[in-house]
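Breakdown of the fold
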Amino acid sequence: MEKAYLVLSNGKVFEGQRIGAKRDSVGEIVFTTGVEGYLETLTDPSFAGQIITQTFPLIGNYGVIEEDFEGETACKGYVVRELCDTPSNFRCQYGLNKFLEERDIPGVAGIDTRELTRIIREKGCMNAAILSAPPTDKDMEEIAAYAVKGVVDQVGIKEPKTYPAEGKEKYKVTLIDYGAKLNIIKSLCKRGCTVTAVPHSYTAEQILEADPDGIMLSNGPGDPEENTFCIEQIKKLIGKLPIFGICLGHQLTALAMGGSTMKLKYGHHGANQPVRKDDGSRTYITSQNHNYAVVADSLKGVGREIYENANDGSCEGMEYPGKKCFTVQFHPEACGGPKDTEFLFNKFLEMMEEEKNA
């Protein structure tokens, strides 16, 4: 196999075998801890601008099943210990390497992903490159200069699209798409919601004119503070209708309410993040994919923290009393991952029912 090199911004070089597209790429490197669900990971728009490292050592063993895709692939590269070239699953359509090639995703296999993960955990977020040859000084300059910018514009839809409710329509929901995972929409549709996904460039006035029963703020990639237009629109929407925000939607809402966000040392990526309820009564296992977090203390007197991460204490959920709004950092739709928190979609439906009966 052709050689490839994973080069970190701190100068560390891993030599491996080329997989996927035969081109060089620069991005922010992250690791994700899911044992399965690599298809959902690779098609999650929230990975835009990032090179994904899988900590599980064997990837691709059940091949590619297009029905399981969450969206369009937006990552900058893919790193695995071993790529399975003999997938075995009754739903398998083709191999993972073909998927990477067809979607122009460069990758590296055959490197020590445990060592790589430890470096990221100890040193924090850093940039990296997948190269065909050992790095030059120019390569190192390009790696150092890279930044994840403008990624919501890159992955968000450009035209509105409507998804019909399964069975009888109960509610109409407008989903603002910052890079939405498809299963958020599916989770609403199967509960009787007709979902209209609209571009993040829509104004609050355009959204309210459609007279939805509730508003869903989707997940998405990048630094939330960069999205000033989106934050201004959420400010105008808060309190008007029931609002449920997930991941980037959670962060944008906090900023719209006057709070702040911070970049985590190496983020939360994977299907095993423990989230503790505010009263300590329950801990849920959740799927997450983000590098930024809401600073809960910045929202004192405005919002109430309802969930926190049991590992590092970071904010995992907020509600805003009197504003008909709650948000979470994790993914309650969680394909593929745990579905402990699917009940949050039911909470959103209850809010819309209360608003109808008010």
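The sections below set out a description of the structure shown in this document. Keep in mind that what you see is a predicted model, and the values were worked out from it rather than measured.

**A few points about the pattern of salt bridges**
Between side chains of opposite charge, pairing is possible as soon as their charged atoms come close. Across all of its chains, the model carries 21 salt bridges by this definition. In this structure, arginine 103 engages glutamate 102 in a salt bridge whose closest nitrogen and oxygen atoms are separated by 3.7 Å. Residue arginine 103 is classed as partly exposed on the basis of its relative accessible area, which comes to 29%. With its nearest N and O atoms 3.7 Å apart, the salt bridge here joins glutamate 342 to lysine 190. Taken together, the residues span a long stretch of sequence, with glutamate 342 in the loop between strand S19 (325–328) and helix H10 (343–357) and lysine 190 in the loop between helix H6 (182–189) and strand S12 (193–199) at a distance of 152 residues. Classification of lysine 190 as partly exposed rests on a relative accessible area of 44%. One network of salt bridges, in which partners are shared, links Asp278, Arg304, Glu319 and Lys347.

**Overview of the packing of H6 against H10**
Two numbers describe how H6 lies on H10: the axes approach to 10 Å, and their chain directions differ by 55°. Put simply, H6 runs oblique to H10. Like other packed secondary-structure pairs, H6 and H10 cross with a definite hand, here right-handed. In this structure, H6 uses Ile184, Ser187 and Leu188 to contact H10, whose residues at the interface are Phe345, Phe348 and Leu349. When grouped by side-chain class, the residues that make up the contact of H6 with H10 number 5 nonpolar, 1 polar and no charged.

**A short note on the environment of serine 187**
Tracing the backbone through its elements, the reader meets serine 187 in helix H6. Residues serine 187 and phenylalanine 31 lie 156 residues apart in sequence; the distance between their C-alpha atoms is 27 Å. Beyond its immediate sequence surroundings of up to four residues, serine 187 is in contact with Glu333 and Phe345.

**Topic: the side chain of aspartate 213**
Here aspartate 213 shows up in the loop between helix H7 (204–209) and strand S13 (214–217). Although aspartate 213 is buried, it makes no salt bridge; lysine 356 carries the closest opposite charge, 4.1 Å away. Discounting chain neighbours no more than four positions away, the residues touching aspartate 213 are Lys170, Tyr171, Lys172, Leu241, Pro242, Met352 and Lys356.

**Examining the sheet that holds strand S15 (residues 260–277)**
The mixed open sheet is built from 10 strands, whose spatial order is S10-S12-S11-S13-S14-S19-S18-S17-S15-S16. The open sheet is flanked by strand S10 (161–163) and strand S16 (283–295), the only strands paired with a single partner. The mean inter-strand angle of the sheet, taken between neighbouring strand axes irrespective of direction, is 20°. Both strand S17 (residues 304–309) and strand S18 (residues 315–320) contribute to a ladder of 4 bridges, which runs antiparallel. Counterpart to glutamate 305 in the pairing with S18 is methionine 318.

**Thoughts on the pairing of strand S4 (residues 50–54)**
Burial analysis of S4 places 5 of its 5 residues in the buried class, the great majority of the element. Going residue by residue along S4, you find Gln50, Ile52 and Gln54 tucked away on one face and Ile51 and Thr53 tucked away on the opposite face as well. As judged from the 5 bridges shared by strand S3 (residues 25–32) and S4, these two strands associate in the parallel manner. What sits directly across from threonine 32, in S4, is glutamine 54. Alignment of S4 against strand S6 (residues 77–80), held across 3 bridges, turns out to be parallel. Across the sheet, residue isoleucine 52 finds its bridge partner in S6, namely tyrosine 78.

**Examining the packing of aromatic side chains**
Counted by the stated rule, this structure contains 9 aromatic pairs. Relative to phenylalanine 330, the ring of tyrosine 307 lies with its centre 5.5 Å away and its plane at 80°, an arrangement referred to as edge-to-face. With tyrosine 307 in strand S17 and phenylalanine 330 in the loop between S19 and H10, this residue pair connects regions lying 23 residues apart in the sequence. Across the pair, exposure class does not vary: tyrosine 307 and phenylalanine 330 are buried alike. By the ring-pair criterion, three or more aromatic residues cluster together here, those being Phe244, Phe326, Phe345 and Phe348.

**Structural notes on the layout of surface pockets**
Here the largest pocket defines a volume of roughly 440 Å³. Elements with a contribution of two residues or more to the lining of the largest pocket: helix H5 (151–155), S10 and H6. When its volume is computed, the second largest pocket comes out at roughly 290 Å³. If you trace the second largest pocket, you find 24 residues lining it, with Glu28, Val148, Gly222, Asp223 and Tyr292 closest to the centre. Breaking the lining of the second largest pocket down by element, the ones donating at least two residues are strand S9 (126–131), helix H9 (248–256), S15 and S16. In terms of residues, the lining of the second largest pocket owes the most to one element, S16, which gives 4 residues.

**Examining the sheet that holds S3**
Sheets are built from strands paired through backbone hydrogen bonds, the pairs being either parallel or antiparallel. With mixed pairing, 7 strands are arranged side by side around a closed barrel as S1-S2-S8-S6-S4-S3-S9. The mean angle between the axes of side-by-side strands here comes to 35°, regardless of whether they run parallel or antiparallel. Pairing of S6 with strand S8 (residues 106–109), which is carried by 3 bridges, proceeds in the parallel orientation. Bridge assignment links tyrosine 78 to a residue of S8, and that residue is glycine 107. The sheet strands contacting helix H3 (residues 113–123) are strand S1 (3–8), strand S2 (13–20), S3, S4, S6 and S9, and the helix crosses S3 at an angle near 90°. Across the face of the sheet, helix H4 (residues 137–145) comes into contact with S1, S3 and S9 while running at roughly 140° to S9.

What counts, and where the lines are drawn
Residues numbered from 1 in each chain as written. Predicted model: local features only at pLDDT ≥ 70, side-chain atom pairs only at ≥ 80, totals over all residues. Heavy atoms only, no water. Salt bridge = Lys/Arg side-chain N within 4 Å of Asp/Glu carboxyl O. Buried < 20%, exposed > 50% of the residue type's maximum accessible area, 1.4 Å probe, protein only. Helix = DSSP H or I, 4+ residues; strand = E, 2+ residues; numbered from the N terminus. Axes fitted to C-alpha atoms, helices over the stretch in contact; angles between N-to-C directions. Parallel < 35°, antiparallel > 145°, perpendicular 65-115°, else oblique. Left-handed = near helix turned anticlockwise from the far one by under 90°. Contact = heavy atoms within 4.5 Å. Nonpolar A, V, L, I, M, F, W, Y, C, P; charged D, E, K, R; others polar. Lys, Arg positive; Asp, Glu negative; His and termini not counted. Pairing = 2+ DSSP bridges. Phe/Tyr/Trp six-rings, centres within 6.5 Å; stacked < 30°, edge-to-face > 60°. 1 Å grid on protein atoms, 1.4 Å probe; cavity = no way out; pocket = protein on both sides within 12 Å on 5 of 7 lines; lining within 4 Å. Points joined across faces, edges and corners; volume = space filled by probe spheres on them.

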